[in-house]
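Take a look at the letters that make up each chain.
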Amino acid sequence: MAARSGQRGSTAVAASLAVFLVLFTGITLYYFLAKVWWYPAAINDFGREIDAQFDRTFVITGIVFVASQLALAWVVWRYRSNGGRAQHFEGNNTFEGIWTIATIVLFVGLGIFGRAAWAQLHFNSAPPGAMVIEVTGKQFNWIFRYPGADGVFGRTEAKFVDESNPVGIDDKDPAGKDDVVTLTLGVPAGREIKLVERSLDVTHGFFVRELRLKQDALPGMLIPVHFHVDPDKIGDYEIACTQLCGSGHHRMRATLKVMPEAEFEKWLANEKATQ
Ligand SMILES: [Cu+2]
């Protein structure tokens, strides 16, 4: 009598657990497939390549996720307690071997697929003729510098940094006279941009979601990255800091302002006049 009610209890527990697993899998799948929380559209080829890699990874891991959760639900139900003693199980070397090899093939395969997009940013330098802009991370601002008409940045040194000279340009260097310092990253649409990252204090992380571009700025290093924005993607995009860099980290953000070439020239001239 007691054994039979115990059996009914374990059947109910196994059934609820199995149903929960199936529901949980279904709801999770819905949120991904319906793209309830999704990333904003990419604004260049590099971004779309990253998205393609994301989709490949997502489809493969998604299939594995759904299959394993449903298999778990089935096992929970099929091998629920029947009131007897639990059976001892030694394992299965063939299965162990198969899924270990399958996991290796999947991970290495995805890595090989994704390598091209990653290397394009980190191994290839910016094409010749790219517009060079410097970005400096400083608790808690992003500061941008354009080299001006001479195309050469003025020398900087930490000891010259103050309110009116946030990146520390040495005023004895003539190359620095026409440098333009801004708090917005204005770029002309369609042009290749080489961004040189630096930091004046701690590690900061430069990130623009729509570019799928994320690169840390480290004190003592100049780190180049490059990108362009499709000509039809005029607009404002948020630049965020992705490294917890201090108490004001949450407000360390700026705007990437993508403009048509002529408008960009006007904007830069205006920034120069008001700095
Ligand atoms: Cu920061």
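Residues numbered from 1 in each chain as written. Predicted model: local features only at pLDDT ≥ 70, side-chain atom pairs only at ≥ 80, totals over all residues. Heavy atoms only, no water.

Draft legend 1. Examining the overall build of the protein more closely. Looking only at helices and strands, one finds four helices and ten strands in the protein. Secondary structure elements of the protein occur, N-terminal to C-terminal, as α-α-α-β-β-β-β-β-β-β-β-β-β-α. Taking 19 Å as the expected radius of gyration for a compact globule of 275 residues, we find that the protein reaches 27 Å, considerably beyond that expectation. Dimensions of the protein along its principal axes, counting C-alpha atoms only, are 95 × 35 × 35 Å. (Helix = DSSP H or I, 4+ residues; strand = E, 2+ residues; numbered from the N terminus. Rg over C-alpha atoms; globule rule 2.2 N^0.38 Å.)

Draft legend 2. Region of interest: the coordination of the copper ion. Here the copper ion is held by the protein donor atoms His204 (ND1), Cys241 (SG), Cys245 (SG) and Met252 (SD), which lie 2.1 to 2.6 Å from it. Expressed as a motif, the donor residue spacing for the copper ion is H-x36-C-x3-C-x6-M. Separated by 48 residues along the polypeptide, His204 in strand β6 (residues 204-208) and Met252 in the loop between β9 (235-241) and β10 (253-259) bring together distant segments of the chain. (Donors = N, O, S within 2.8 Å, 3.2 Å for Na, K, Ca; no water.)

Draft legend 3. Here's a closer look at the pattern of salt bridges. Inspection of the entire model under this criterion finds 13 salt bridges. The partner of Asp236 in a salt bridge is Lys257, with the nearest N and O atoms 3.5 Å apart. A residue pair is termed long-range when its members are at least 10 positions apart, and Asp236 in strand β9 and Lys257 in strand β10 qualify at 21 residues. Taken together, the shared-partner salt bridges connect Glu134, Arg145, Asp179 and Arg198 into one network. (Salt bridge = Lys/Arg side-chain N within 4 Å of Asp/Glu carboxyl O.)

Draft legend 4. Region of interest: the pairing of strand β8 (residues 223-227). Most of β8 is tucked away, with four of its five residues classed as buried. Examined bridge by bridge, strand β5 (residues 193-199) and β8 share five bridges and lie antiparallel to one another. Following the sheet pairing, Lys194 is matched in β8 by His226. (Buried < 20%, exposed > 50% of the residue type's maximum accessible area, 1.4 Å probe, protein only. Pairing = 2+ DSSP bridges.)

Draft legend 5. Seen up close, the sheet that holds strand β4 (residues 185-188). Across the sheet, which stays open at both edges, the five strands sit in the order β4-β10-β9-β6-β7 with mixed pairing between neighbours. With partners counted over all chains shown, the strands left at the sheet margins are β4 and β7 (213-217), one partner each. On average, each strand axis in the sheet is inclined to that of its neighbour by 20 degrees, with strand direction left out of account. (Axes fitted to C-alpha atoms, helices over the stretch in contact; angles between N-to-C directions.)

Draft legend 6. Seen up close, the sheet that holds strand β1 (residues 131-138). Judged by pairing direction, the sheet is mixed, and its five strands sit side by side in the order β3-β2-β1-β5-β8 without closing on themselves. Where the open sheet ends on each side, the last strands, each with one partner, are β3 (180-182) and β8. Strand after strand, the sheet turns through a mean of 25 degrees between neighbouring axes, direction not considered.

Draft legend 7. Molecular detail of the nonpolar core. Formed by 35 residues in total, the largest nonpolar core has its most connected members in Phe144, Leu185, Phe206, Phe227 and Leu256. With four residues, the single largest contributor to this core is β10. Counting residues in hydrophobic clusters, the runner-up holds five residues, among them Ala14, Ala18, Leu21 and Ala73. (Core = buried A, V, L, I, M, F, W, Y, C linked by side-chain atoms within 4.5 Å.)

Draft legend 8. Highlighting the layout of surface pockets. Here the largest pocket defines a volume of roughly 380 Å³. Looking at the largest pocket, it is lined by 18 residues, and the ones nearest its centre are Ser164, Asn165, Pro166, Val181 and Gln275. Looking at the lining of the largest pocket residue by residue, the class counts come to five nonpolar, six polar and seven charged. Considering only enclosed or pocket space, the second largest pocket measures out at about 280 Å³ in volume. Of the residues in the lining of the second largest pocket, the class split is five nonpolar, one polar and no charged. (1 Å grid on protein atoms, 1.4 Å probe; cavity = no way out; pocket = protein on both sides within 12 Å on 5 of 7 lines; lining within 4 Å. Points joined across faces, edges and corners; volume = space filled by probe spheres on them. Nonpolar A, V, L, I, M, F, W, Y, C, P; charged D, E, K, R; others polar.)

No statement about biological role is implied by the geometric values presented.
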